[in-house]
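Inside the fold
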Amino acid sequence: MEFLNPHMLWGMCAVALPVIIHFWYQKKGKQLAWAASQWLLDKTSLQHRGIRLDEIPLLLIRCVLVILLAILLSQPVAKWLGKDIKKEEIHLVQADPKVVSNFRFELESALKREEKVIWIGADLKPLADIGSIPKNKDGLFLLQQSINDIANDNTNLNLYLTNNQQITRLPKIFIPGTYKLNAIRDSARKLENPLIGLAEKIGKDNIIVLIDYRNPDEAETVQAGLEALKEVFGIPFNIDLKTASRTQYDWIFSDKPIAKRNAQTVYVVPEGNMGDSVFENVIQVSDSLRLATSDVVQNGQLPEWLGEIMIDHYHLENHLNPLSQKQLEASFGSVRTEGVQSSNNLQKWLMLLFVLTLILERWISLNKNTARVHA
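One structure accompanies this document, and this report is about it. Residue indices follow the written sequence of each chain, beginning from 1 at its first position. With pLDDT at 70 or above as the cut-off, local features in this predicted model cover only qualifying residues; side-chain atom pairs require 80 or more to be listed or tallied, and sums for whole chains, interfaces and linings still use all residues. Calculation of side-chain values draws on the structure's entire complement of heavy atoms; hydrogens and water are dropped beforehand.

A cluster of like negative charges, contributed by Asp149, Glu271, Asp287 and Asp295, occupies part of the molecular surface. What counts as a helix is a DSSP run of H or I of at least four residues, what counts as a strand is a run of E of at least two, and both are numbered from the N terminus. Mapped onto the fold, aspartate 295 is located in helix H9 (residues 295-298). Partly exposed describes any residue whose relative accessible area lies between the buried limit of under 20% and the exposed limit of over 50%, with all areas from a 1.4 Å probe on protein chains only and scaled to the type maximum. Accessibility expressed as a relative area gives 44% for aspartate 295, which makes it partly exposed. For patch detection, residues must exceed 30% relative accessible area and be free of salt bridges, and they are connected within 9 Å for like charges or within 5 Å for nonpolar side chains (Val, Leu, Ile, Met, Phe, Trp, Tyr). Per-residue and other accessible areas were derived by the Shrake-Rupley procedure at a 1.4 Å probe size, with only the shown protein chains allowed to occlude residues. Salt bridge, as used here, is a side-chain nitrogen of Lys or Arg placed within 4 Å of a carboxyl oxygen of Asp or Glu. Neither His nor the chain termini are counted; the positive set is Lys and Arg, and the negative set is Asp and Glu. Charged groups are reduced to one reference atom each: NZ for lysine, CZ for arginine, CG for aspartic acid, CD for glutamic acid.

The subject of this paragraph is the side chain of aspartate 240. On the secondary structure map, aspartate 240 appears in strand S9 (residues 237-240). One buried charge, aspartate 240, has no salt-bridge partner; the nearest side chain with opposite charge is lysine 230, at 11 Å. We call two residues contacting when some pair of their heavy atoms lies within 4.5 Å. Sequence-distant contacts of aspartate 240, defined by excluding residues within four places in its chain, comprise Val209, Leu210, Ile211 and Tyr249.

Our focus in this paragraph is the nonpolar core. Residues belong to one nonpolar core when they are buried, are Ala, Val, Leu, Ile, Met, Phe, Trp, Tyr or Cys, and are joined through side-chain atoms within 4.5 Å. Formed by 51 residues in total, the largest nonpolar core has its most connected members in Leu143, Leu226, Phe237, Trp251, Phe253 and Trp305. Sorting elements by how many residues they give to this core places helix H10 (residues 302-313) first, with six residues. The contacts of phenylalanine 237, once residues within four sequence positions are left out, are Ile207, Val209, Leu226, Leu229, Lys230, Trp251 and Met310. Among the nonpolar cores identified, the runner-up in size contains 13 residues, and Ala95, Val99, Leu107 and Trp119 belong to it.

Moving on to the sheet that holds strand S12 (residues 282-285). One key point about sheets: their strands pair by backbone hydrogen bonds, in either a parallel or an antiparallel sense. Judged by pairing direction, the sheet is parallel, and its five strands sit side by side in the order S9-S8-S10-S11-S12 without closing on themselves. If you trace the sheet from one side to the other, it starts and ends with S9 and S12, each paired once. Averaged over neighbouring strand pairs, the angle between their axes works out to 15° when direction is ignored. Where strand S8 (residues 207-212) meets S9, four bridges bridge the pair, whose relative direction is parallel. Residue pairing for S9: isoleucine 208 is matched across the bridge by asparagine 238. Where helix H8 (residues 216-233) meets the sheet, its contacts fall on S8, S9 and strand S10 (251-254), and the angle it forms with S9 comes to roughly 170°. In this description, strands pair whenever DSSP reports at least two bridges between them. Convention adopted: a line fitted to C-alpha atoms gives each axis, helices being fitted over their contacting stretch, and angles between N-to-C directions are expressed from 0 to 180 degrees.

Turning our eyes to something else, we now look at the sheet that holds strand S4 (residues 116-119). Spatial ordering of the open sheet is given by S4-S3-S5-S7, a layout of four strands whose pairing is parallel. The strands lining the two open edges of the sheet, one partner per strand, are S4 and strand S7 (178-185). Taken pair by pair, the neighbouring strands of this sheet meet at an average axis angle of 20°, ignoring direction. Two strands pair when backbone bridges link them, and strand S3 (residues 88-93) and strand S5 (residues 155-163) are joined in this way by six bridges, in the parallel orientation. For leucine 92, the partnering residue across the bridge sits in S5 and is leucine 159.

Moving on, we get to the packing of aromatic side chains. Here a pair means two rings of Phe, Tyr or Trp (six-membered ring of Trp) with centres within 6.5 Å. Their orientation is stacked below 30 degrees between planes, edge-to-face above 60, and tilted elsewhere. According to the stated counting rule, one finds three aromatic pairs in the structure shown. Pairing phenylalanine 103 with tyrosine 160 gives two aromatic rings, centres 5.2 Å apart and planes at 65°, and the pair type is edge-to-face. Here phenylalanine 103 is found in the loop between helix H4 (97-102) and helix H5 (104-112), whereas its partner tyrosine 160 is found in strand S5, with 57 residues between them in sequence. There is no split in this pair, since phenylalanine 103 and tyrosine 160 are both buried. Chaining the aromatic ring pairs together yields one cluster made of Phe237, Trp251 and Phe253.

Next up on the list: a nonpolar patch on the surface. Nonpolar side chains collect at one region of the surface, where Trp349, Met351, Leu352, Val355, Leu356 and Ile359 lie side by side and expose about 620 Å² of accessible area between them. Residue position: leucine 356 is located in helix H12 (residues 338-374). Take leucine 356: its relative accessible area is 49%, and that puts it in the partly exposed class.

As a further point, take the pairing of strand S11 (residues 266-270). Most of S11 is tucked away, with four of its five residues classed as buried. Where S10 and S11 come together, three bridges link them in parallel fashion. By the bridge assignment, tryptophan 251 is partnered in S11 with valine 266. Relative to S12, S11 runs parallel, the two sharing four bridges. The partner of valine 268 across the bridge, within S12, is isoleucine 283.

Regarding H5, the residues found buried are Leu107, Ser109 and Ala110. In an axial view of H5, the angular spread of the buried residues amounts to 160°, which keeps them on one side of the axis. Facing away from the buried surface of H5 by more than 90 degrees, the exposed residues are Phe105 and Lys112. Buried residues along H5 sit against S3, H4, S4 and S5. Just downstream of H5 lies glutamate 114, where phi reads positive at about 60°. By arc we mean the arc of the directions from the helix axis to the C-beta atoms, nothing more.

The next thing to look at is the pattern of salt bridges. Summed over all chains, the structure comprises eight salt bridges. Arginine 104 is the salt-bridge partner of glutamate 108, the closest N and O atoms lying 3.6 Å from each other. Of this pair, glutamate 108 and arginine 104 both sit in helix H5, four residues apart, which is roughly one turn of that helix. One connected set of salt bridges, linked through shared partners, spans Arg62, Glu361 and Arg362.

So this is what it looks like as structure tokens:
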């Protein structure tokens, strides 16, 4: 067991107070001559000499109260429930040459210790070496999905990624178990948003988009996000709400199964739509892109999120300012684990025991005083 405030355990020293008070009242008083003392019975005076056995339980209960109070204030954290299970070390790495180069020593050391090293957004198979870096080098859009597949309460996740504004445009990343962030700062500064002049950069007059959802609210939300990009950056979107024959789409939003995947098209589909397969041009979202279900939509980040997908797909230059340490840490959060829940349950049981012990102490003390009055 560990304690969040171990210094409060010094309060257990106060357990000596009930003992001191108890023995203080057992001291023999100074005898004073009194004319009527002859009428007092000898047995009455004898009852108050020495240690009274009926006060020992009350003394012990009061000592227990002091100890329980000290433990409660120290906020114990239960560790025995895990039975000293050693957490599995997993290293999840952004497939970027700069990240690999910066953390090469740590990653190679992990491989020597036979710990799992996995690329973000790849097939999630442990690597034998880090010499071959996959082409889907950002992989951050699949970061949450990768974490969900490999991490649990018994893992210690080490994240290696680039520290830039792209992280803040993702929904908050939640990680079970414990984790450690290892981020590098890109010293290059952002000169302009890569979406400016997109049509000229990719050599297209129009970007043809298909929005094909069963739910009209979802289709309306996605269309509004694209229209916002069009208005701000002048991106020439041509949006279809129904499939047109002989049309080669650059971007498809749909909740329907993909019959034939085109490598030149970006697909945004619900999670599980492609089974266990992972493709660079297929973005799988855990929730539908509706206001009621999506954190990205609720936070007003849908246009930025869509823009990042385009930047990644067209491999545009994207030098972004690094985040502060506080901003970086705020983008990640821990999922409530079983250990934390067990510790909270321990606190509740200790509080209940303290209250019951206090009630017992008051009941014994009051009955004792009543008995003395009527004696």
